Amino acid sequence: MFLPFILTSITIYLCALLAMAFFTLAERKALGYFQIRKGPNKVGLMGIPQPLADALKLFVKEQSKPSMANIIPFLIAPIMTLSLTLILWSIFPHLYPSMFMPLGILFFLSVSSLNVYTTLGAGWTSNSKYALLGAIRSVAQTISYEVSMIFIILPILIIFSSFDIFHINSQLNSWPLIMMSPLFLMWISSTLAETNRTPFDLPEGESELVSGFNIEYSSGSFALIFMAEYANILFMALLTSVLFLSTSSNLLLVTQTTMFAFLFIWTRASFPRIRYDQLMDLTWKMFLPCAILILLLVIPLVIF
């Protein structure tokens, strides 16, 4: 009974990691052309094996550990970060899911909120003031944008009258995106902040924080944090496609997810990093009031 479940879960996780690896290649190639230069093109044919070469290089390097770090939690934090991200992929809506979860959206919100603890743990256990500063900034940003993200997603859930990601994805209409364009713009901005992407990459501001909470990580540990970040980007692109452009076609779902994932790259190439006070003002003074107002408008619309 559990064998098909285990095999399906392992297949989903491996495919997610493979997609993540080649998404990094797509980002480097796209940024290269955005900046009128070449991306990776030396490894193999047109640089296609570059992600595999990068993974091999990182995992065979020596694992350095700060002498003052709390070693066990220091090593566990990256593993937990990647594990939580892969757990989210269990609710991927396809024909043979690893689990049918009627409260899939609540599961997503619960698991994604746990990433705060892994980020704080990674910065605190490093016993470095730079890592701790980056962790505190990241935790403050993540918690702030999670609050507004919940209120952004609520009107869509009320419209579909379901927390089930499979039920939402089977609705053959795209009117939520057409009628909820303000919510869509706020959702995209919140996902950029949740995944620490430009222009909201304040926790990892290399020019200010020397890579933020993961400054003390190297080789395999750094690779795990890096993999978790990019796998999370792909999942957020998938969730955006399900919520705003629901479709019953798996091929169309993959196409839409690719389109939204490319939007993350396009945004990185186009916008500069904003100030931290602007980042917090955006969610507390703009996104949260607007999302609550839209929620108050949607509830009577659905009832009457």
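Residues numbered from 1 in each chain as written. Predicted model: local features only at pLDDT ≥ 70, side-chain atom pairs only at ≥ 80, totals over all residues. Heavy atoms only, no water.

(A) Examining the UniProt feature "transmembrane region" (unreviewed entry) in the protein more closely. Under the local residue numbering, the UniProt record ascribes the feature "transmembrane region" (unreviewed entry) to residues 6–26, 71–92, 98–122, 143–163, 222–245, 251–271 and 283–303. Overall, residues 71–92 shows 82% helix and 0% strand. The separation of its end C-alpha atoms is 34 Å. (UniProt positions renumbered as here; feature names shortened; annotations may be inferred. Helix = DSSP H or I, 4+ residues; strand = E, 2+ residues; numbered from the N terminus.)

(B) How the structure looks around the layout of surface pockets. When its volume is computed, the largest pocket comes out at roughly 770 Å³. For the largest pocket, the lining is made up of 33 residues, of which T24, E27, F222, F226 and Y230 are closest to its centre. Of all the elements in the fold, those that place two or more residues in the lining of the largest pocket are α1 (2–34), α2 (50–60) and α11 (219–244). A total of nine residues in the lining of the largest pocket trace back to one element, the largest contributor, which is α1. (1 Å grid on protein atoms, 1.4 Å probe; cavity = no way out; pocket = protein on both sides within 12 Å on 5 of 7 lines; lining within 4 Å. Points joined across faces, edges and corners; volume = space filled by probe spheres on them.)

(C) Spatial organisation of unusual backbone geometry. Omega for the peptide link from T198 to P199 comes to 5°, which places this bond in the cis form. When you line up the elements, P199 lands in the loop between α9 (181–194) and α10 (206–209). In this structure, N196 takes a positive phi of about 55° despite not being glycine. Tracing the backbone through its elements, the reader meets N196 in the loop between α9 and α10. Positive phi, normally seen in glycine, also occurs at S219, with a value near 50°. For S219, the position within the fold is in helix α11. Since its relative accessible area comes to 3%, S219 is described here as buried. (Buried < 20%, exposed > 50% of the residue type's maximum accessible area, 1.4 Å probe, protein only.)

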